[in-house]
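Residue-level structure breakdown
One letter stands for each residue in the lines below.
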Number of protein chains: 2
Amino acid sequence: MSAVKESKLDEQVAQRLDQSGFRATPQRTHVYKTLTAKRDHPTAEEVFIRAKKEMPEISMATVYNCLDALVQSNLVKLVNHERGATRYCSNMMEHHHFYCDECGSAFDIDSAGAREPLVKMPAGFKPDRYEIAFRGLCPDCAGKKRGK
Amino acid sequence: MSAVKESKLDEQVAQRLDQSGFRATPQRTHVYKTLTAKRDHPTAEEVFIRAKKEMPEISMATVYNCLDALVQSNLVKLVNHERGATRYCSNMMEHHHFYCDECGSAFDIDSAGAREPLVKMPAGFKPDRYEIAFRGLCPDCAGKKRGK
DNA sequence: GTTGATGCAAAGCTTTTGCACACCG
DNA sequence: CGGTGTGCAAAAGCTTTGCATCAAC
């Protein structure tokens, strides 16, 4: 990763935050980077732990504040699919999620080339985006079940 | 329960619970009925409050236990879309959800006659169901925004 | 200076757990 | 009996809030 690319990313994040009425603080961009560094779906606490490695003075309250700001700026999505702490996802590319019934893991499913879902919307609703949650067995668990 | 004739619904619920290895207790069927009585997406606490009206001795822990059993028996779905308490939905007919960005309400969107979503699943995943979450403005909020 | 953000600690809300008792098989 | 479920209370987990301080506009 080059310094040039990084600053470009920073700029974009800053711009998005600004557009939504938030200041682009070091904490906010750092939380965003923490989230993008790994393609998983961490809880606020996991983000906090990771973020602290590079920014030891950051607090939990700030992580929540940052995540809120990032979600409202459409830089990060909530991905709750079961009880327990809210999870966050920084992959804003068009994609969906697959939740394994067996192990509970969440996977990103690319939606490139997918057809728009055809669902009749009742009058008056103005949808501007959608996300599909698939459920079933992930490759690992499907293998284990078959193996038995 | 008693030997008195149970309703057809009760029987079906009992059967589903049994199939999943749960006993069909009065609390479980009552929580299920409480949930089906109104077509909304209450939190566990809201379910508790409603359930207590007819069954004053029921406890919060039991409501959680019942909801768990119902979810595992596929009689009830979790519908989390924002931070805060988990919400539950007993409408298991094929349908999707619409979440309003403005007021945060969740609406059921009928999916009758909808086309299967066409998304390329990576090798090995065995999906058996899916749900689409739409986001945007509900009729009320869309109206107010236009009005301004 | 005014407003917004941070860090800390405390409070608040949501969910789970341990335990004694009751019930079903 | 043995195991499951319930109700209660306490604990644990997750998130928000109040406040003093600091930084940005």
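Scroll up to find the structure.
Let me sum up the structure you'll find in this document. (Residues numbered from 1 in each chain as written. Chains lettered and ligands numbered in written order. Predicted model: local features only at pLDDT ≥ 70, side-chain atom pairs only at ≥ 80, totals over all residues. Heavy atoms only, no water.)

1. Thoughts on the nonpolar core
- Ranked by size, the top nonpolar core spans 26 residues in total, and within it Ile132 and Phe134 of chain A together with Ile132 and Phe134 of chain B carry the most contacts.
- For this core, the elements supplying multiple residues, two or more each, are strand 3 (95-100), strand 5 (126-137) and helix 5 (139-147) of chain A together with strand 3 (95-100), strand 5 (126-137) and helix 5 (139-147) of chain B.
- For Ile132 of chain A, the residues in contact, after removing those within four places along its chain, are His96 and His97 of chain A together with Pro117, Val119, Tyr130, Glu131 and Ile132 of chain B. (Core = buried A, V, L, I, M, F, W, Y, C linked by side-chain atoms within 4.5 Å. Buried < 20%, exposed > 50% of the residue type's maximum accessible area, 1.4 Å probe, protein only. Helix = DSSP H or I, 4+ residues; strand = E, 2+ residues; numbered from the N terminus. Contact = heavy atoms within 4.5 Å.)

2. Focus on the interface of chain A and chain B
- Listed as interface residues are 43 residues of chain A and, on the opposing side, 43 residues of chain B.
- Together, the buried faces of chain A and chain B total about 3700 Å²; carbon and sulfur atoms form 60% of this surface.
- For the interface between chain A and chain B, the tally reads four salt bridges.
- Linking Asp101 of chain A and Arg129 of chain B is a salt bridge whose minimum nitrogen-to-oxygen distance equals 3.0 Å.
- Viewed at the interface, chain B and chain A are joined by 17 residue pairs in polar contact (both at pLDDT 80 or more).
- Contributing elements (two or more residues each) for the side of chain A that touches chain B: helix 4 (60-72), strand 3, strand 4 (106-110), strand 5 and helix 5 of chain A.
- One ladder, built from 11 bridges, connects strand 5 of chain A with strand 5 of chain B; its direction is antiparallel. Counterpart to Phe134 of chain A in the pairing with strand 5 of chain B is Tyr130 of chain B. (Buried area = accessible area lost by both parts, 1.4 Å probe. Salt bridge = Lys/Arg side-chain N within 4 Å of Asp/Glu carboxyl O. Polar contact = N/O pair within 3.5 Å; in protein donor to acceptor, adjacent residues only side chain to side chain. Pairing = 2+ DSSP bridges.)

3. Digging into helix 1 (residues 8-19) of chain B
Residue and element names in this part refer to chain B.
- Under the 1.5 Å per step criterion, the end-to-end length of helix 1 is 16 Å for 12 residues, consistent within 8% with the ideal 16 Å.
- Among all positions in helix 1, only Asp10, Val13, Ala14 and Leu17 are buried. Mapping the buried residues of helix 1 onto a view down its axis gives an arc of 100°, with all of them on the same face. Structural note: helix 1 exposes Lys8 and Gln19 on the side pointing more than 90 degrees away from its buried face.
- Buried-residue contacts for helix 1 involve helix 2 (26-36) and helix 4 (60-72).
- Where helix 1 ends, the next residue or the one after it, Gly21, has phi of about 85°, a positive value. (Expected span 1.5 Å × (residues − 1). Arc of directions from axis to C-beta.)

4. As for the protein's contact with DNA strand C
- In the vicinity of DNA strand C, 19 residues are found, and the nearest of them are Thr25, Arg28, Asn65 and Arg83 of chain A together with Tyr64 of chain B.
- Looking at DNA strand C alone, sugar and phosphate atoms form 83% of those within 4 Å of the protein.
- Between DNA strand C and the protein, one listed contact pairs a phosphate oxygen with a backbone N or O atom of Ser59 of chain A at 3.5 Å.
- In this structure, a phosphate oxygen belonging to DNA strand C sits 2.6 Å away from a side-chain N or O atom of Arg83 of chain A.
- Listing elements by their share of the surface near DNA strand C, those giving two or more residues are helix 2 (26-36) and helix 4 of chain A together with helix 3 (44-54) and helix 4 of chain B.
- By residue number, the principal contributor to the surface near DNA strand C is helix 4 of chain A, which donates three residues.
- Of the residues belonging to the surface near DNA strand C, the class tally is seven nonpolar, six polar and six charged. (Near = heavy atom within 4 Å. Nonpolar A, V, L, I, M, F, W, Y, C, P; charged D, E, K, R; others polar.)

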